[in-house]
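Residue strings, one per chain:
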Amino acid sequence: MSKSIRVPIHSDKDIVSARQEGRSVALKLGFSETDSTLIATAISELARNIVTYARHGEIRIRNLSNSSRQGIQVIAKDSGPGISNLRLALQDGYSTSGSLGLGLPGVRRLVDEFTIDSQAGEGTVVTIKKWKP
Amino acid sequence: MEVPVLKQGPFLIATVQAALTDDDLIQLRGAMIQRVVTSRSQGVIIDVTSMDVMDSFASRTLREIAQMIRLRGAETVIVGIQPEVAFAMVQLGISLEGVVTALDLEEGLAYLNHMVKGET
């Protein structure tokens, strides 16, 4: 199972589809219910950021494996306005949309690895990884 | 997916039966406020046992529902948050501060009954 699953994100319904897909992949990989819920929650937040800030984008989910461990990778990608101040966006409590503003720092706490690549005007790519214990 | 709302005496019971989209949550918020007014309810239970994920939007909307209902003089109890969902909420850094939670429907009803009796 090394193929990646792509879920297009255009509306709030797609947020639910993406997180359900993520949970199902995580469970199949042998993640616990708790870890699968953490992954699903992270996907929910990332997908909502796409809908809220960029309107359209996609979530890609795939398994990871190397000689010593297995895991799951989720990439959230959009071609929206991008984030002009990444440092600020990664601070707890910061938001430009009047939301709670816990999105990205919260997501970072749910997973093992978190990287973000964003250019103002060019979109945002967030990659998260979680490894099986 | 609409959330069914049952009237039981002075209370309303809303039972979430599947994953909710943002629109579903907003619809639930509107429906609950309206039902509390038309039924003159003193308490509301929202059973979230079937909710797969409680992300920032869901918890914010539930908190708003509870706050709005409190302004009407009624109390809201959220019941059935699954252990793994609670774990994810804490990791994410979201809380249901100011909202009463209970283990399950039975505990929630016991809380509301106690509250109503205490008032009269």
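Cut-offs and rules
- Residues numbered from 1 in each chain as written.
- Chains lettered and ligands numbered in written order.
- Predicted model: local features only at pLDDT ≥ 70, side-chain atom pairs only at ≥ 80, totals over all residues.
- Helix = DSSP H or I, 4+ residues; strand = E, 2+ residues; numbered from the N terminus.
- Rg over C-alpha atoms; globule rule 2.2 N^0.38 Å.
- Buried ≥ 20, exposed ≤ 12 C-beta atoms within 10 Å, placed from the backbone.
- Contact = placed C-beta atoms within 7 Å.
- Pairing = 2+ DSSP bridges.
- Right-handed = clockwise from strand over helix to strand, strands pointing away.
- Axes fitted to C-alpha atoms, helices over the stretch in contact; angles between N-to-C directions.
- Parallel < 35°, antiparallel > 145°, perpendicular 65-115°, else oblique.
- Nonpolar A, V, L, I, M, F, W, Y, C, P; charged D, E, K, R; others polar.

K.L.:
So what's going on with the overall build of chain B? Which residues, and what values?
P.N.:
When its secondary structure is counted, chain B shows four helices and five strands. Ordered by position in the sequence, the α and β elements of chain B form the string β-β-α-β-α-β-α-β-α. Computed over C-alpha atoms, the radius of gyration of chain B comes to 13 Å, within 12% of the 14 Å expected from 2.2 N^0.38 for 120 residues, which places it in the range of a compact globule. Overall size of chain B, expressed as C-alpha extent along the three principal axes, is 40 × 25 × 20 Å. Classification of the 120 residues of chain B by burial places 40% in the buried group.

K.L.:
If you had to explain helix 4 (residues 103-110) of chain A to someone new, which residues and values would you point to?
P.N.:
The element helix 4 of chain A is largely enclosed, with a buried count of six among its eight residues. Considered for burial, the residues of helix 4 of chain A that qualify are Gly103(A), Leu104(A), Gly106(A), Val107(A), Arg108(A) and Leu110(A). Turning to helix 4 of chain A, the residues buried within the fold contact helix 2 (33-54), helix 3 (86-89), strand 4 (113-119) and strand 5 (123-131) of chain A together with helix 2 (56-71) and helix 3 (83-92) of chain B.

K.L.:
For the interface of chain B and chain A, give the residues involved together with the corresponding values.
P.N.:
Interfaces are often described in size by the accessible area the parts lose on coming together. Between chain B and chain A, the residue contacts involve 18 residues of the former and 24 residues of the latter. Those elements giving two or more residues to the side of chain B that touches chain A turn out to be helix 1 (22-39), helix 2 and helix 3 of chain B. Broken down by element, the residue count for the side of chain B that touches chain A peaks at six residues, all from helix 3 of chain B.

K.L.:
Would you mind going over the pairing of strand 2 (residues 11-15) of chain B in detail, with residue names and values included?
P.N.:
Residue and element names in this part refer to chain B. The element strand 2 is extensively covered by neighbouring structure, given that four of its five residues are classed as buried. Direction of pairing for strand 1 (residues 5-8) relative to strand 2: antiparallel, over a ladder of four bridges. Within strand 2, the position partnered with Leu6 by the bridge is Ile13. Count of turn residues in the strand 1/strand 2 antiparallel hairpin: two residues, of which Gly9 carries a positive phi of about 60°. Sheet topology places strand 2 next to strand 3 (residues 43-47); five bridges connect them, and they run parallel. Residue pairing in the sheet places Thr15 in a bridge with Asp47 of strand 3. In this view, the connection linking strand 2 to its parallel neighbour strand 3 by way of helix 1 has right-handed handedness.

K.L.:
Give a detailed account of the packing of helix 4 of chain A against helix 3 of chain B, specifying residues and quantitative values.
P.N.:
Pairs of packed helices are described in terms of their axes, by the angle between the two and the distance that separates them. Packing of helix 4 of chain A against helix 3 of chain B leaves a shortest axis separation of 8 Å and a crossing angle of 125°. Put simply, helix 4 of chain A runs oblique to helix 3 of chain B. In this structure, helix 4 of chain A contributes Gly106(A), Arg109(A) and Leu110(A) to the contact, and helix 3 of chain B contributes Ala88(B), Gln91(B) and Leu92(B). Here the contact of helix 4 of chain A with helix 3 of chain B is built from residues that sort into three nonpolar, two polar and one charged.

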